[in-house]
Amino acid sequence: MIPEIGHFALIMALVVSVVLTVLPLLGATFSNERWVALAKPAARMQLLFMLLAYGCLTYAFITFDFSVRYVASTSHSSLPLLYRISGVWGAHEGSLLLWALILSLWMGAVTVFSRSIPRVMLARVLGVMGFVAVGFLLFLLVTSNPFERLIPAPADGRSLNPLLQDPGLAIHPPMLYMGYVGFSVAFAFAVAAMLGGKLDAAWTRWVRPWTNIAWMFLTLGIALGSWWAYYELGWGGWWFWDPVENASLMPWLVGTALIHSLAVSEKRGAFKAWTVLLAVFAFSLSLLGTFLVRSGVLTSVHAFASDPGRGLFILLFLATVVGLSLTLYAFRADRFKSDVSFQLFSRETGLLLNNVILVVMTATVLLGTLYPLVLDALGVGKLSVGPPYFNSVMVPLGIPLVIVMGLGVLLRWKRDSISRLGTDLALLVIIAVGVGLLFSLLLHYDWEGYDWEGMAAIGLIMAVWIAVTTLFWVWKQKRTASVWGAALAHAGMAIMIIGISLTSLYSSEKDIRLSAGQQYQLAGYDFQFQGVKKVSDVSYDAYQGIVDISRNGQPVSHLEPQKRVYRVQTMPMTEAGIDAGLFRDLFVALGEPLEGDAWSLRVYHKPFIRWIWLGAILMAVGGILAAGDRRYRLKVEGRSHA
């Protein structure tokens, strides 16, 4: 009975979404106040139906209702409660239901925090979001119904993918989806502005908090995915340019450009066309990511589905969203022309260069991700595009981006001059170069004894450049929440650059063969293998290695990496042993048994890798701080009541 209630709730959510799409938009067009007034209650009613549907599926998982096909395919009676709850989004149907629920939550949030927005604008925004909800609810009901019955019901389920039986699964997908779907708010505001033919400073202030919050969630989601892959997959990497990783990076890059473009639109009334198009493409790239993950066009540990029919549905929906948006823009583009002028040497130019570089980066990732898929689809042949391509293109683009990041905050709006910046700029450059070089030399001579690397020095100089220019900018500003948020985000980028530069250039790894009692030295650390023992858990059996690590005869760590075999799906899994530290990680993965008591192991020394995720956390905190700036919220309220 509960699954039938859930299915009915989905149907009702679809019906309400259709009403939300049609009547408020028509009401806004033809000045029908009754229809405009329907937007808020319809959005809230749709949210209630989605909560009911999601609650029903969660109940089916908790109570082991294997008469539901989706539950039988992704759950098992031996699963702990945590993985039964998080397993709801552990495969295709449930993840799409979570996607639709999060869209409803964003709509509900817009209805709550919209007192300063005119009713007609709000009706248009919610109507556009309702249109997106119609597309995904149709997708759920037509191709991916999570409540489909399985008769006769099996005695037990097939269990959750062992890769996903991890606490990270309970955090990573919701965070990522909150970012993906959050960009639908900026998209809806952009389309609403095009429908109304008006984009002013008040509009940008309405959009900025929603964009910052979505960007914050996407930043955390990407960082959590990187961290999960690092400790769970056993290969010691934090980013492999996997197509699904790229699918999350592209909307993040465009979203970053959108945040900066909104700042210019608010302060100077410029970049209006940029802002609208970036809002459209940020959400469109989120939909593209959904297509890549669920269409079956690629193979990835992140991919959920391999059904071309589902992929075609999403592709058509993506084409509809992008096509209608760009068509509307083509008809209304003349209304978004800006008469604001600025000189070549100004903050506007810096932010324009920032946006251009970010868009070129996005296009580069898009090309490297889709080109092999297009060739394969056309039957031309298979082509692998991996880290060498992406690194060779993204690093040269990243260096000018960082230079612009630091210089942009120093420049004045509208016009500036090198003579005004002269002494301060020279001092900041000297500090950045001097401290960066000094740090790189200390790494070589006084600390870990790394070989001196020119690219490491460049990375450190770039990081210090961002840090000192940001500090100088904060010192000169009136320190509002928005300023502190931007400063933290830039500081987080500086820390991330240090982590990426040093772990990429100075990491060391080795595949080794050790018997009990033998040891191997890597990066000055002695890894002594003490043998293996058998251990068991509720859902798996494992061989657990015992590795003692020391340095200069002093104990450092005791690690117990595992080689697991899950009982239900009989899938072997590697669970690495990691000694985490602020300045380095020691990482051991247990391989296969060899002759006698020997085993293969892979050992890693990963310097500064935690700085990558620390930087991402600071960036996310900066995003939420900027979103909560009370100063510009009050300005919006004042202007909207005027």
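Rules and cut-offs
Residues numbered from 1 in each chain as written. Predicted model: local features only at pLDDT ≥ 70, side-chain atom pairs only at ≥ 80, totals over all residues. Heavy atoms only, no water. Core = buried A, V, L, I, M, F, W, Y, C linked by side-chain atoms within 4.5 Å. Buried < 20%, exposed > 50% of the residue type's maximum accessible area, 1.4 Å probe, protein only. Helix = DSSP H or I, 4+ residues; strand = E, 2+ residues; numbered from the N terminus. Contact = heavy atoms within 4.5 Å. Pairing = 2+ DSSP bridges. Axes fitted to C-alpha atoms, helices over the stretch in contact; angles between N-to-C directions. Phe/Tyr/Trp six-rings, centres within 6.5 Å; stacked < 30°, edge-to-face > 60°. Lys NZ or Arg CZ within 6 Å of the ring centre and 35° of its normal. Domains from an automatic or database assignment.

Q: Give me the nonpolar core: which residues, what numbers.
A: Leu-10, Trp-99, Trp-106, Met-129, Phe-189, Trp-203 and Trp-252 are the most contacted members of the largest nonpolar core, which has 184 residues in total. Looking at this core, the element that brings in the most residues is helix α9 (residues 201-232), giving 17 residues. In this view, Met-129 contacts Leu-103, Trp-106, Met-107, Val-110, Ser-184, Val-185 and Ala-188; residues no more than four positions away in its chain are not counted. Formed by 15 residues, the second largest nonpolar core is a distinct cluster that contains Tyr-525, Phe-529, Leu-559 and Val-603.

Q: Go over the sheet that holds strand β8 (residues 577-579) with me, naming the residues and quoting the values.
A: The strand order across the open sheet formed by 4 strands is β1-β10-β9-β8, and the pairing between neighbours is antiparallel. Two strands in the sheet have a free side with no partner beyond their single neighbour: β1 (508-514) and β8. Direction aside, neighbouring strands of the sheet carry axes that sit 15° apart on average. Bridge count between β1 and strand β10 (residues 599-607): 7 bridges; the pairing is antiparallel. Looking at β10, one finds that Leu-514 is bridged to Trp-599. The sheet strands contacting helix α17 (residues 481-506) are β1 and β10, and the helix crosses β10 at an angle near 140°.

Q: Pulling in residues and values, what's your account of the packing of aromatic side chains?
A: A full pass over the atoms with the stated rule returns 26 aromatic pairs. Taken together, a centroid distance of 5.7 Å and an interplanar angle of 75° make the contact between Phe-583 and Phe-608 edge-to-face. With Phe-583 in the loop between β8 and β9 (584-593) and Phe-608 in the loop between β10 and α18 (610-627), this residue pair connects regions lying 25 residues apart in the sequence. Take Phe-583: its relative accessible area is 38%, and that puts it in the partly exposed class. With a centroid separation of 6.2 Å and an interplanar angle of 45°, the aromatic rings of Phe-583 and Trp-611 are classed as tilted. A residue pair is termed long-range when its members are at least 10 positions apart, and Phe-583 in the loop between β8 and β9 and Trp-611 in helix α18 qualify at 28 residues. Among the aromatic residues, ring-to-ring pairing joins Trp-99, Phe-131, Phe-136, Phe-187, Phe-283 and Phe-317 into one connected group. Against the face of Tyr-525 rests Arg-551, its NZ or CZ located 4.7 Å from the ring centre.

Q: With reference to specific residues and values, describe the domain arrangement of the protein.
A: Each assigned domain of the protein is listed here: domain 1 (1-153), domain 2 (172-405), domain 3 (417-507 + 613-617) and domain 4 (508-607). A straight line from the C-alpha centre of domain 3 to that of domain 4 covers 35 Å.

Q: Can you explain unusual backbone geometry? Please cite residues and give values.
A: Among all residues except glycine, the phi angle is most often negative; among peptide bonds, the trans geometry is most common. Pro-152 follows Ile-151 through a cis peptide bond whose omega is -5°. Tracing the backbone shows Pro-152 in the loop between α7 (119-143) and α8 (172-196). At Asn-552, a residue that is not glycine, the phi angle is positive and equals roughly 55°. With respect to the secondary-structure elements, Asn-552 resides in the loop between β4 (540-551) and β5 (554-559). The exposed category is assigned to Asn-552, whose relative accessible area is 71%. One non-glycine residue, Thr-570, lies in the positive phi region at around 45°. Along the polypeptide, Thr-570 turns up in the loop between β6 (562-566) and β7 (572-575). Accessibility expressed as a relative area gives 55% for Thr-570, which makes it exposed.

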